[in-house]
Amino acid sequence: LFRSAIHTVKFGVFWEWIRNSQPANNNTNGNLNVNAGNSNTTGNEYADLITGTLNGYNETSFNRINDIAYSTYEGFVQDSWKATRRLTLELGIRLTHFTPWADRTGAGYSIFDYSQYHSTCTPLQYCGFEWHKRVNSVPIGGFPTRAMFFQPRFGAAYDLFGKGNTVLRGGWGRYYYHSGQFTAGLDVAAGVQTVGLGNNVNNVPLMANQLDTLNFSTQALSPAAVDSKDNKQPYTDSFSFTVSQRLPWSSLLEAAYVGNRSKSLANSSGAGSNINLVPVGAMLASKNGGVDPNGLTANNFRPLLGFSDLFLATNNTYASYNALQVTWVRTKGRYTINMNYAFGKAMGIVNPALDQYNLANDYGVQSANRTHIFNAAYSIELGNPVRDKIAGGFINGWQLSGITQLESGPNLTGIQGQNFGMNLNGYKMPGTTFNVSNVALLGTPNIQLNPILTCNPASGLAAHQFINPNCFAIPTAIGQNGPSVLPAVYGPAFFNSDLGLFKNFEIKESKKLQIRFNGTNFLNHPLDRKSTRLNSSHLGIS
């Protein structure tokens, strides 16, 4: 720390070492899946279990030990500069070097090298996969390492009239952070084998009694790796502008624009991560001699044969938040009050697996978004109205405190997977015997089939209804699909008000007795939790 008349400079260094060691939890005993939406289903999931009609199966040979660690090295300098009597500037920068997650067992994270892939290889040869123990030049963490990440920050505070009553403040800063713990790419290097089967194997519906006779060594594997060309780390740019105004009654009013933008967020599935997508249209009946697409094996249409979905851990997703925030506070005398309101919107990649060909199609309002948020917290000293010493000991000195919260509802379309678990069982494509599905209409399993919008689903609502089911229709024509991300439809609001009344009785200098009466949701306000759950029976299709 260095301080002068106009500068206060802080500088320092930071180091941390993070380790995570635990066994993996894959399905070593196998995992049978049934689904009433399966094209081969009996129409009842319990009946599917009894008859052995499967929607999928996956099994892993063994669970490895995930023993991984990384280090962070940082240096920073920050200057608080009193540029003039009315203007203060904050200038700073943080320099960071991250090491990737490293496999402490010595095998390393696997990467994928297209030049080493050959379609003649068997799946268990893992053609194209490389890792440190197999190829010494591959980094132990798989990812390349950038020497330095630069995180500049600056801010300013300006006393508009020079009296301290009206102050303008604002700033911008970049903040890098290390990706959270992940294990994509460790299985292959450790020799773990995972097989995932769909509801058809070699054009034959998958039945439980097939599992004893299947040659798993020839089945497509679903391994993962890390992106050997990605040296990015997630970061957030945070920015704000605030006007602070002192008001009568010793209170303060602040109005602010607050925003942030996050980029290079971690992604281990879906768009930009899956390098083995089934080409759009490849599985259509018209391109396969009129065969029912639902009976085809998707892995036979992938560019990297021998593998199913092949995910590379990478950093390519993004999000943003923008809000108007207003605060009024009073912290003097018998009354302590804090009231705040936010009008904001949180956007981001809802699910990168919705449209695995176009990440931008997966961007929308996040499920956690709350458009309006209001909070009020207060504490009031009720004073000493009684002068009698005995009576005053019971009546005087009580305090009243409470919290009131009001929030608009969540985005329901972000909670229900965008297609609301649309049950397509029994719906046929016109003029065919084919069941409606993403492979039948779009020719690929790598784009989710979504309902068609016929009107605004937030309009024409009945009491206690938040989504109009008549605004959805099931797609039935080749190439037809609804939007990857449905428009935001908000559910029931949240309201709560808690109240407390308490008094402290002093027993002696070091001990006090407190009597408190609390009322949780003391207004007994009910929450409207009735909403519409959509499935095929709600979509108005016959």
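This one's a predicted model, so the numbers in the text were calculated from it and none came from an experiment.

Peer 1: Go over the side chain of Thr-60 with me, naming the residues and quoting the values.
Peer 2: With respect to the element layout, Thr-60 can be found in strand 4 (residues 56–60). Overall, Thr-60 belongs to the buried group, its relative accessible area being 3%. At a separation of 3.0 Å, a polar atom in the side chain of Thr-60 contacts the side chain of Thr-194.

Peer 1: Summarise the state of the cysteines; cite the residues concerned and give the values.
Peer 2: The tally for this structure, following the rule as stated, stands at two disulfides. Paired through a disulfide, Cys-121 and Cys-127 show a sulfur-sulfur distance of 1.8 Å. Judged by the torsion about the S-S bond (-65 degrees), the Cys-121/Cys-127 disulfide is left-handed. The same class applies to Cys-121 and to Cys-127, which are both buried. Two residues share a disulfide in this structure: Cys-455 and Cys-471, whose sulfurs sit 1.8 Å from each other. Between Cys-455 and Cys-471, the disulfide has an S-S torsion of -95 degrees and is therefore left-handed. In this pair, Cys-455 is assigned in the loop between strand 23 (452–453) and strand 24 (472–473) and Cys-471 in the loop between strand 23 and strand 24, connecting sequence segments 16 residues apart. The partly exposed category is assigned to Cys-455, whose relative accessible area is 34%. With its disulfide-bonded cysteines labelled consecutively along the sequence, the protein is connected as 1-2, 3-4.

Peer 1: Tell me about unusual backbone geometry, and please be specific about residues and values.
Peer 2: You will see that Ser-264, though not glycine, has its phi angle at about 55 degrees, which is positive. Checked against the element boundaries, Ser-264 lands in strand 17 (residues 251–267). Residue Ser-264 is classed as buried on the basis of its relative accessible area, which comes to 11%.

Peer 1: If you had to explain the sheet that holds strand 3 (residues 31–33) to someone new, which residues and values would you point to?
Peer 2: Here we have three strands laid out as an open sheet, ordered 3-4-12, and antiparallel in their pairing. Either end of the sheet is taken by a strand with one partner, and the two such strands are strand 3 and strand 12 (194–197). Between one strand axis and the next, the sheet turns through 5 degrees on average, direction left out of account. Relative to strand 4, strand 3 runs antiparallel, the two being bridged by three bridges. Its bridge partner lying in strand 4, Leu-32 is registered against Tyr-57.

Peer 1: Give a description of the environment of Asn-396 that names residues and reports values.
Peer 2: With respect to the helices and strands, the residue Asn-396 is situated in the loop between helix 3 (389–395) and strand 22 (399–407). Residue Asn-396 is classed as buried on the basis of its relative accessible area, which comes to 9%. Each C-alpha atom of the pair Asn-396 and Val-386 lies 6.5 Å from the other, and the pair is 10 residues apart in sequence. In this view, Asn-396 contacts Gly-383, Asn-384, Pro-385, Val-386 and Lys-503; residues no more than four positions away in its chain are not counted.

Peer 1: Break down the environment of Thr-53 for me, citing the residues and quoting the values.
Peer 2: The topology assignment puts Thr-53 in the loop between helix 1 (45–51) and strand 4. A C-alpha to C-alpha distance of 7.1 Å links Thr-53 and Val-34, two positions 19 residues apart in sequence. Not counting residues within four places of it along the chain, the set of residues in contact with Thr-53 comprises Val-34, Asn-38, Asn-40, Thr-41, Thr-42, Asp-48, Leu-206 and Met-207. A polar contact is formed between the side chain of Thr-53 and the side chain of Thr-51, at a distance of 3.0 Å.

Peer 1: Outline the confidence of the model for the protein, listing residues and values.
Peer 2: Do not read the predicted coordinates in detail wherever pLDDT is low. This prediction gives the protein a mean pLDDT of 91; 96% of its residues lie at or above 70. Within the model, pLDDT remains below 50 along residues 530–542, and this stretch shows 28 contacts once partners closer than five positions in the same chain are excluded.

Peer 1: With reference to specific residues and values, describe the packing of aromatic side chains.
Peer 2: All told, the structure shown has 18 aromatic pairs when counted by the stated rule. On the basis of an interplanar angle of 75 degrees and a centroid distance of 5.5 Å, the ring pair of Phe-129 and Phe-307 is categorised as edge-to-face. Of the two residues, Phe-129 sits in strand 9 (residues 129–130) while Phe-307 sits in the loop between strand 17 and strand 18 (311–332), which places them 178 residues apart along the sequence. Of the two residues, Phe-129 and Phe-307, neither departs from the other in class, the shared state being buried. Consider the rings of Trp-249 and Trp-328, whose centres lie 6.2 Å apart with planes at 15 degrees: the pair is stacked. Of this pair, Trp-249 sits in the loop between strand 16 (235–247) and strand 17 while Trp-328 sits in strand 18, and the two are 79 residues apart along the sequence.

Peer 1: Summarise the pairing of strand 6 (residues 87–98); cite the residues concerned and give the values.
Peer 2: In terms of strand pairing, strand 5 (residues 65–81) meets strand 6 through 10 bridges, oriented antiparallel. Paired with Trp-81 across the bridge in strand 6 is Leu-89. Between the end of strand 5 and the start of strand 6, which pair antiparallel, lie five residues. Strand direction decides the pairing type here: strand 6 and strand 10 (residues 149–159), joined by 10 bridges, are antiparallel. Directly across from Leu-95, in strand 10, lies its bridge partner Phe-150.

Rules of the game
- Residues numbered from 1 in each chain as written.
- Predicted model: local features only at pLDDT ≥ 70, side-chain atom pairs only at ≥ 80, totals over all residues.
- Heavy atoms only, no water.
- Helix = DSSP H or I, 4+ residues; strand = E, 2+ residues; numbered from the N terminus.
- Buried < 20%, exposed > 50% of the residue type's maximum accessible area, 1.4 Å probe, protein only.
- Polar contact = N/O pair within 3.5 Å; in protein donor to acceptor, adjacent residues only side chain to side chain.
- Disulfide = S-S within 2.5 Å.
- Pairing = 2+ DSSP bridges.
- Axes fitted to C-alpha atoms, helices over the stretch in contact; angles between N-to-C directions.
- Contact = heavy atoms within 4.5 Å.
- pLDDT = per-residue confidence, 0-100.
- Phe/Tyr/Trp six-rings, centres within 6.5 Å; stacked < 30°, edge-to-face > 60°.

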